[in-house]
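Listed below, chain by chain, are the residues.
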Amino acid sequence: MKTLSRVLLMPLCGLGVLFSVASTAAENTHPQSPIEQPHGLPPFHGEGMLPPPPMMVGFCHPGQLFCASVASDNPTETIQKLTSILPATTAGKHYEVRLAVVEVPDYMPVPPLAEKSQ
């Protein structure tokens, strides 16, 4: 009886291993197309974390209705000129408006050089 069970079980176990390896190999023969990421970002494989937002370089960013950065000696006059060229808006929509007037120095201060100790 022991010999009979070994004779029958060994080939069955071998077939089970063969089918297991064959199914694993068959899964890898059909590569999946890469998922399109927004804004051309590389794929993110982190578990439980969100990818960092894309880096915004410069003053103006995509999706803004109007954007301007102007250097001026008279900020009041510049703001009036900019408001005259604003594009038309849609009634019923809400907008975020940001305004900043920052004094720009005539020259950039040079940091003092560290004295060498002798």
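Right above here is the structure, for reference.
**Student:** Would you explain the overall build of the chain in this entry?
**Tutor:** In terms of regular secondary structure, the chain is built from 2 helices and 0 strands. Residues classed as buried in the chain amount to 1% of the 118 residues present. Here the chain has roughly 12100 Å² of accessible surface; of this, 63% comes from carbon and sulfur atoms.

**Student:** Sorry if this is basic, but what is going on with the pattern of salt bridges here?
**Tutor:** For side chains bearing opposite charge, pairing can occur when the charged atoms are close. The full count for this structure, using the stated rule, is 2 salt bridges. For the salt bridge of Lys81 with Glu77, the shortest nitrogen-to-oxygen distance reads 3.2 Å. Note that Lys81 and Glu77 are positioned in helix α2 (residues 75–84) at a spacing of 4 residues, about one turn of the helix. Overall, the relative accessible area of 38% leaves Glu77 in the partly exposed class. In this structure, the salt-bridge partner of Arg98 is Glu96, at a minimum N-O distance of 3.0 Å.

**Student:** Just checking my understanding: could you explain the state of the cysteines for this structure?
**Tutor:** Such a bond, covalent and formed between the sulfur atoms of two cysteines, is termed a disulfide. Summed over all chains, the structure comprises 1 disulfide. Here Cys60 is linked by a disulfide to Cys67, with a sulfur-sulfur distance of 1.8 Å. Linking Cys60 and Cys67, the disulfide has an S-S dihedral of approximately -85° and is accordingly described as left-handed.

**Student:** Looking at this model, I keep getting lost on the environment of Glu103. Mind explaining?
**Tutor:** As for its position among the elements, Glu103 is in the segment after α2. Spatially, the C-alpha atom of Glu103 lies 9.7 Å from that of Asp73, the residues being 30 residues apart in sequence.

**Student:** Just to check I follow, could you spell out the environment of Ile85 for this structure?
**Tutor:** Residue placement: Ile85 occurs in the segment after α2. Put simply, Ile85 and Phe66 are 19 residues apart on the chain and 9.4 Å apart in space, counted from C-alpha to C-alpha.

**Student:** What am I meant to see in a nonpolar patch on the surface here?
**Tutor:** Taken together, the side chains of Leu65, Phe66, Ile85, Leu86, Tyr95 and Val97 make up a nonpolar region of the molecular surface, amounting to roughly 610 Å² of accessible area. As for its placement among the helices and strands, Leu65 is situated in the loop between α1 (2–27) and α2.

**Student:** Explanation requested: the side chain of Thr78 in the structure shown.
**Tutor:** Mapping Thr78 onto the fold places it in helix α2. With relative accessibility at 15%, the residue Thr78 sits in the buried group. In contact with Thr78, other than residues within four places in its own chain, are Val70 and Ser72.

Rules behind the numbers
- Residues numbered from 1 in each chain as written.
- Predicted model: local features only at pLDDT ≥ 70, side-chain atom pairs only at ≥ 80, totals over all residues.
- Heavy atoms only, no water.
- Helix = DSSP H or I, 4+ residues; strand = E, 2+ residues; numbered from the N terminus.
- Buried < 20%, exposed > 50% of the residue type's maximum accessible area, 1.4 Å probe, protein only.
- Areas by Shrake-Rupley, 256 points an atom, 1.4 Å probe, with all protein chains shown as cover.
- Salt bridge = Lys/Arg side-chain N within 4 Å of Asp/Glu carboxyl O.
- Disulfide = S-S within 2.5 Å.
- Patch = residues over 30% accessible without salt bridge, like charges linked within 9 Å, V, L, I, M, F, W, Y side chains within 5 Å.
- Contact = heavy atoms within 4.5 Å.

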